[in-house]
Amino acid sequence: MFRDAWLIAGKDLRIEMRSRVGLNQIVPFAVTVLVLFAFALDTDQEALRTYAPGLFWVTVLLAALLAIGRSFAVDLADGAADRLLLSGIDPIAVFGGKAAAIAVQLVVLEVLLGAGVVLLFDVTVHRYGLLVCAGLAAAAGVATAGTLYGALVAGLGVRETLLPVLLLPVVAPVLIGATRAFQDAFGVAGAEGWAWLGLLAGFAAIYGVFGALSYGALLEEA
Amino acid sequence: MTTAATESTGTGDGISATTSSRATKVLGWLTLAGFAVLVALAFAWVPEDTRITEQGDVVGQFDAVRLMFVHVPSAILAYTGFGLTFLASLAYLRWRTDWWDMMAHASAEIGVLFGVLTLVTGSIWGRPTWQTWWEWGDVRLVTTLVMVLVFIGYLAVRRIPADVAVKARRSAVIALVGAVNIVIVNRSVDWWENRTLHQQSTLIARKIRDETLFTLSFSFAVGMVLFAWLLLHRFRTAYLQSQIEELEVDEALEERRAESNMQDGYP
């Protein structure tokens, strides 16, 4: 099963490596959002530094919507999803593979955006360990919930507009937890960063289990 | 259900064209009468909320307390609606019958209706009492908002034209995830601000006047009758809708059959 999940993740990442849609479109989009936040909040460096954690995570969530939508659009083209279904791979492995591929893309995005936030918003990192762990846990949470909802709207006519409506309220806890953890890591507020990491990990675990269990029912008619 | 549709192909006979029945008429009149009594109780019988502090200042919610008789039952009905959606969705995934699917749909719509009403009345009450329309530090407020948003998304999925079984299965999963999510949102928002402006357990602490307590209980009863009345009508509307769709499919089949018969030269 792990080998199958590995295969699926490798397939999705290879498509991304070759098409470069993520690098050429999603990353520039995310950086543009950061720049827009700076315009919206005035030239005041202090305000930008204070709100950098929240702005960073809102940007990640917006970009994640694009990455998730793309992951499922690729599968729908040329009947690839049907063949995936016929291949007899365990749905749990498909879910794990797709979620892992999305998580890897999100982590790459976070690294690039993190550099952007440090450069543009003038933040300094105080706790690297917390930053890395929170980044990974939040990526896992968004990827598991996103894969579940991506599959839920896949094949429905209006999925581009439907995914944000469904997914964003659901990942609200990730935004809260990741923002708090980053505030601690950036040293802008005395929040208990490691406790928030627990929330992020719990969220990822719950959606990982839920997604893996219900994925079979969703694939069956997609 | 299929047999009913087959018997009535093309004409629509055999399907009741109304969502009303003797039971719903009784419930409807009960709701109206209950509402009239509730308005009388809330405005004429319940005194305004005032307390005198040790310093002799008069404090309290004054007339705003009367909003409680709409706000609190609305919140309970919203959570009842979403709870019912959760149970009906579970039942649908277990038994896969249209009945449970329609029940989930009907109760979710009523849940959203009362959820919005809860937020609106809460805001109106919050203005004179908390001096703000909205308070981000309040856990129940923010949780209810996120819950309403999740179920608005659920209803959006229900409106998409798609295969009935596909839509029913996906909606059921969304409702289950949404309901589980409420718990996570509630906990995270609680930790987010870790304080609440909401009064804790007024009922249990008996800090409430007898008149107010009676009227509040009465408003729960009226609310439940209203809920049952709305649910019955909404469920029957969903059933009629599904019947219309089946009729349309049958008609389309009939037309295609006639067309192909013509082409084959058979009248």
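In this report, the structure presented in the accompanying data block is examined. (Residues numbered from 1 in each chain as written. Chains lettered and ligands numbered in written order. Predicted model: local features only at pLDDT ≥ 70, side-chain atom pairs only at ≥ 80, totals over all residues.)

### Things to note about the overall build of chain A
For chain A, the helix and strand inventory stands at 9 helices and 0 strands. Written out in order from the N terminus, the α and β elements of chain A read α-α-α-α-α-α-α-α-α. For chain A, the C-alpha radius of gyration of 18 Å lies close to 17 Å, the compact-globule estimate for 222 residues. Projected onto its principal axes, the C-alpha coordinates of chain A cover approximately 55 × 35 × 30 Å. In chain A, buried positions account for 47% of the 222 residues. Within chain A, contacts between residues at least 6 apart in sequence are counted, and of these 83% link residues at least 24 apart. (Helix = DSSP H or I, 4+ residues; strand = E, 2+ residues; numbered from the N terminus. Rg over C-alpha atoms; globule rule 2.2 N^0.38 Å. Buried ≥ 20, exposed ≤ 12 C-beta atoms within 10 Å, placed from the backbone. Contact = placed C-beta atoms within 7 Å.)

### So, the overall build of chain B
The helix and strand inventory of chain B stands at 8 helices and 2 strands. The order of helices and strands in chain B, counted from the N terminus, is α-α-β-β-α-α-α-α-α-α. The 267 residues of chain B split such that 31% are buried. In chain B, 76% of the contacts between residues at least 6 apart in sequence involve partners at least 24 apart.

### A closer look at the interface of chain A and chain B
Facing 22 residues of chain A, the contacting portion of chain B comprises 20 residues. Of all the secondary structure elements, the ones that give two or more residues to the side of chain A that touches chain B are α6 (128-153), α7 (159-170), α8 (172-186) and α9 (193-219) of chain A. Element by element, the count of residues in the side of chain A that touches chain B is highest for α9 of chain A, at 7 residues. Residue composition of the side of chain A that touches chain B, by class: 18 nonpolar, 3 polar and 1 charged. (Nonpolar A, V, L, I, M, F, W, Y, C, P; charged D, E, K, R; others polar.)

### Things to note about the packing of helix α2 (residues 21-40) of chain A against helix α3 (residues 45-76) of chain A
Packed helices, taken two at a time, are described by their axes: the angle between them and the distance between them. All names here are of chain A. Put simply, α2 and α3 touch, their axes get as near as 9 Å, and they point 150° apart. One finds that α2 runs roughly antiparallel with respect to α3. Seen from above, α2 lies across α3 with right-handed handedness. Where α2 abuts α3, its residues V21, G22, I26, F29, A30, V33, L34, F37 and A38 lie against L48, L55, T59, L62, A63, L66, A67 and R70. The class makeup of the residues in the contact of α2 with α3 is 14 nonpolar, 2 polar and 1 charged. (Axes fitted to C-alpha atoms, helices over the stretch in contact; angles between N-to-C directions. Parallel < 35°, antiparallel > 145°, perpendicular 65-115°, else oblique. Left-handed = near helix turned anticlockwise from the far one by under 90°.)

### Concerning the nonpolar core
In terms of nonpolar packing, the biggest core is built from 117 residues, with L106, V142 and L200 of chain A touching the most fellow members. Contact partners of L200 of chain A, with chain neighbours within four places excluded, come to A134, A137, A138, G141, V174, G177, A178 and A181 of chain A. Counting 6 residues, the second largest nonpolar core, distinct from the first, contains A42, M68, F69 and V70 of chain B. (Core = buried A, V, L, I, M, F, W, Y, C linked by C-beta atoms within 7 Å.)

### Comments concerning the environment of F72 of chain A
All names here are of chain A. Locating F72 in the fold gives a position in helix α3. Note on F72: 23 C-beta atoms within 10 Å, which makes it buried. For F72 and L197, which are 125 residues apart along the polypeptide, the C-alpha to C-alpha distance reads 29 Å. The contacts of F72, once residues within four sequence positions are left out, are G150 and A154.

### Here we look at helix α1 (residues 2-19) of chain A
Residue and element names in this part refer to chain A. Over its 18 residues, α1 extends 26 Å from the first C-alpha to the last, a length consistent with the 26 Å expected when each residue adds 1.5 Å. Taken together, the buried positions of α1 are occupied by A5, I8, A9, D12 and E16. One side of α1 holds all its buried residues, which, seen down the axis, span an arc of 95°. The exposed set on the far side of α1, more than 90 degrees from its buried face, consists of R3, R14, M17 and R18. On its buried face, α1 sits against α2, α3 and α5 (91-121). One or two positions beyond α1, positive phi appears at R20, with a value near 60°. (Expected span 1.5 Å × (residues − 1). Arc of directions from axis to C-beta.)

### Some words on the environment of D210 of chain B
Residues and elements named next belong to chain B. Here D210 lies in helix α8 (residues 210-263). Taking the number of C-beta atoms within 10 Å as the measure of exposure, D210 has 9 and is therefore exposed. Separated by 164 residues in the primary sequence, D210 and V46 place their C-alpha atoms 9.0 Å from one another.

### Focus on the environment of L7 of chain A
Residue and element names in this part refer to chain A. Turning to its location among the elements, L7 is positioned in helix α1. Judged by C-beta crowding, with 15 C-beta atoms within 10 Å, L7 ranks as partly exposed. Along the backbone, L7 and L168 are 161 residues apart, and their C-alpha atoms lie at a distance of 29 Å.

### Brief notes about unusual backbone geometry
With phi around 60°, D122 of chain A is a residue other than glycine that occupies positive phi space. By secondary structure assignment, the location of D122 of chain A is in the loop between α5 and α6. Owing to 12 C-beta atoms within 10 Å, D122 of chain A belongs among the exposed residues under this scheme. With a phi angle near 55°, R96 of chain B is a residue other than glycine that sits in the positive phi range. With respect to the secondary-structure elements, R96 of chain B resides in the loop between α3 (68-95) and α4 (98-130).

### Focus on helix α5 (residues 139-158) of chain B
In an α-helix, one turn spans 3.6 residues, which is why side chains three or four residues apart end up on the same side. For α5 of chain B, which comprises 20 residues, the first-to-last C-alpha distance of 29 Å matches the rise-based estimate of 28 Å (1.5 Å per residue) to within 8%. With 16 of its 20 residues buried, α5 of chain B lies for the most part within the structure.

### Considering the packing of α2 of chain A against α5 of chain A
Residues and elements named next belong to chain A. Across the interface, α2 lies against α5 with an axial gap of 11 Å and an inter-helix angle of 35°. Once α2 is placed against α5, the crossing between them reads as right-handed. Residue-level inspection shows G22, I26, V27, A30, V31, L34 and A38 of α2 in contact with α5, the latter providing Q105, L109, L112, L113, G116, V117 and L120. Among the residues making up the contact of α2 with α5, the classes are represented as 11 nonpolar, 3 polar and no charged.

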